[in-house]
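Coordinates in review
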Amino acid sequence: MLNLKNITKIYKTSSFEQKALDDVSISFRNNEFVFILGESGSGKTTLLNIIGGLDNSYEGDLIINGKSTKNFKNEDFDSYRNNLLGLVFQNYNLINHLSVLENVELPLKLANVDYKKRKELALLSLKKVNLENHIYKKPNELSGGERQRVAIARAIVNNPKIITLDEPTGALDSKTSIEIMELIKEISKEKLVIMVTHNPDLAEKYSTRIVRLLDGEVSSDSMVCSNEEEQKEKFANSATPEKAKMSFWTAFRLSARNLMCKLKRTLMVGFAGSIGIIGVSVVLALSSGITDYINSMQEDMLSGNPITIT
């Protein structure tokens, strides 16, 4: 389903170049729990960003369901993320002024799913992570573990084939980390789950496959995918993802709600902007008025002193 072919990623600055990934090739099965291990700076997060379509400035090719992404446009990557991929970030990336239920519904709004179906799927997803009793709470009313559960529920709400996780237990205590890992392990029984971590103990306990990175290269892979498996996995999932498109009114409501939740700041920005516009208008009006007055004075003065040409 997912193949990385000769991926090379170089970060360039004015003074030097840093090679984050060096000719990395990995093939993933449709159903496995893959841990990507490595020291800081080994290229783990860069690899995850490329898999997630968040970074497309690299050499090599990301192949999804046998289709190259070399010619993908931004909207193609949007469709990929909204239909086939679920992203879970270390810092949750939840919207604080939306409820738990509304946060989980966001991917479905992008897919333009109707309200009734959207709510049904979001509630089902929250039930899987044992948060059905917290649906109307805001993210800042939840613990770190609960917020991570919300992020996981949001990632699985549209039933993606692939889920990527970037250090999902990095900011959690040991007890909560175990709960989250058990939840992720259960999800991995039906999907391809790719998780980045610094913790080799978690990898040994929960993974079905461990890929280690060192200085941007794959130093070891506990279960390399064979060519026969690649062909089988490629043809098993050939459906074309639908385009992600949020309706105009949904986007308008979300924007309006965001403005209303920050009403004081919105009013202050509007007031400051109006002062600027009024100031510019006054300057232009004065300039125009003075120019007209000077022209009128010149005409009056010249009319009393006619010039005769002989």
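Please read these numbers as outputs of a predicted model, since none were measured by experiment.

Bringing the nonpolar core into the picture now. Membership of the largest hydrophobic core comes to 37 residues, with the highest contact counts inside it found for Phe33, Phe35, Leu126, Ile152, Met181 and Ile184. Elements with a minimum of two residues in this core: strand 3 (32–37), helix 3 (100–110), helix 4 (115–128), helix 5 (144–156), strand 7 (162–166), helix 6 (174–187), strand 8 (192–197) and helix 7 (200–206). Per element, the largest residue contribution to this core is six residues, and it comes from helix 5. Residues in contact with phenylalanine 33, not counting those within four places in the same chain, are Met181, Ile184, Lys185, Ser188, Val193, Met195, Tyr206, Ser207, Thr208 and Arg209.

Taken residue by residue, the protein chain gives an average pLDDT of 86. The fraction at 70 or more is 93%. Across the protein chain, the secondary-structure element scoring lowest on mean pLDDT is helix 8 (residues 227–236), at 66, and the one scoring highest is strand 3, at 94.

For strand 3, a buried count of six out of six residues is recorded, marking the element as mostly surrounded by other parts of the structure. The two faces of strand 3 match: Glu32, Val34 and Ile36 on one face and Phe33, Phe35 and Leu37 on the other face are all buried. Note: strand 3 against strand 8, six bridges, orientation parallel. Directly across from phenylalanine 33, in strand 8, lies its bridge partner valine 193. Relative to strand 9 (residues 209–214), strand 3 runs parallel, the two sharing four bridges. By the bridge assignment for strand 9, isoleucine 36 is matched with valine 211.

Time to look at the side chain of lysine 9. Relative to the elements of secondary structure, lysine 9 occurs in strand 1 (residues 2–12). A distance of 3.2 Å separates polar atoms of two side chains, one belonging to lysine 9 and the other to aspartate 55. In terms of polar contacts, lysine 9 uses its side chain to reach the side chain of serine 57, at 2.7 Å. The residues contacting lysine 9, other than those within four sequence positions of it, are Gln18, Lys19, Ala20, Leu21, Thr46, Ile50, Asp55, Ser57 and Tyr58.

Most of helix 1 (residues 44–51) sits inside the fold, with six of its eight residues counted as buried. Lys44, Thr46, Leu47, Leu48, Ile50 and Ile51 are the residues of helix 1 that are buried. Looking one or two residues beyond helix 1, the residue adopting positive phi is glycine 53, at roughly 70 degrees.

Spatially, six strands are ordered 6-7-8-3-9-10 in an open sheet, and the strand pairing comes out mixed. Only two strands of the sheet have a single partner each, and these edge strands are strand 6 (85–88) and strand 10 (217–221). Strand-to-strand, the axes of this sheet are offset by a mean angle of 20 degrees, without reference to chain direction. Note: strand 9 against strand 10, four bridges, orientation antiparallel. By the bridge assignment for strand 10, leucine 214 is matched with glutamate 217. Running at roughly 170 degrees to strand 6, helix 5 makes contact with strand 6 and strand 7 of the sheet.

Once that is clear, we can look at the packing of helix 5 against helix 6. Two elements in contact, helix 5 and helix 6, have axes separated by 10 Å at closest approach and are oriented at 15 degrees. Classified by the interaxial angle, the pair formed by helix 5 and helix 6 is roughly parallel. Between helix 5 and helix 6 lies a crossing whose hand is right-handed. Contacts between helix 5 and helix 6 involve Gly145, Gln148, Arg149, Ile152 and Ile156 on the former and, on the latter, Thr176, Glu179, Ile180, Leu183, Ile184 and Ile187. Its residues assigned to classes, the contact of helix 5 with helix 6 comprises six nonpolar, three polar and two charged.

Cut-offs used in this document
- Residues numbered from 1 in each chain as written.
- Predicted model: local features only at pLDDT ≥ 70, side-chain atom pairs only at ≥ 80, totals over all residues.
- Heavy atoms only, no water.
- Core = buried A, V, L, I, M, F, W, Y, C linked by side-chain atoms within 4.5 Å.
- Buried < 20%, exposed > 50% of the residue type's maximum accessible area, 1.4 Å probe, protein only.
- Helix = DSSP H or I, 4+ residues; strand = E, 2+ residues; numbered from the N terminus.
- Contact = heavy atoms within 4.5 Å.
- pLDDT = per-residue confidence, 0-100.
- Pairing = 2+ DSSP bridges.
- Polar contact = N/O pair within 3.5 Å; in protein donor to acceptor, adjacent residues only side chain to side chain.
- Axes fitted to C-alpha atoms, helices over the stretch in contact; angles between N-to-C directions.
- Parallel < 35°, antiparallel > 145°, perpendicular 65-115°, else oblique.
- Left-handed = near helix turned anticlockwise from the far one by under 90°.
- Nonpolar A, V, L, I, M, F, W, Y, C, P; charged D, E, K, R; others polar.

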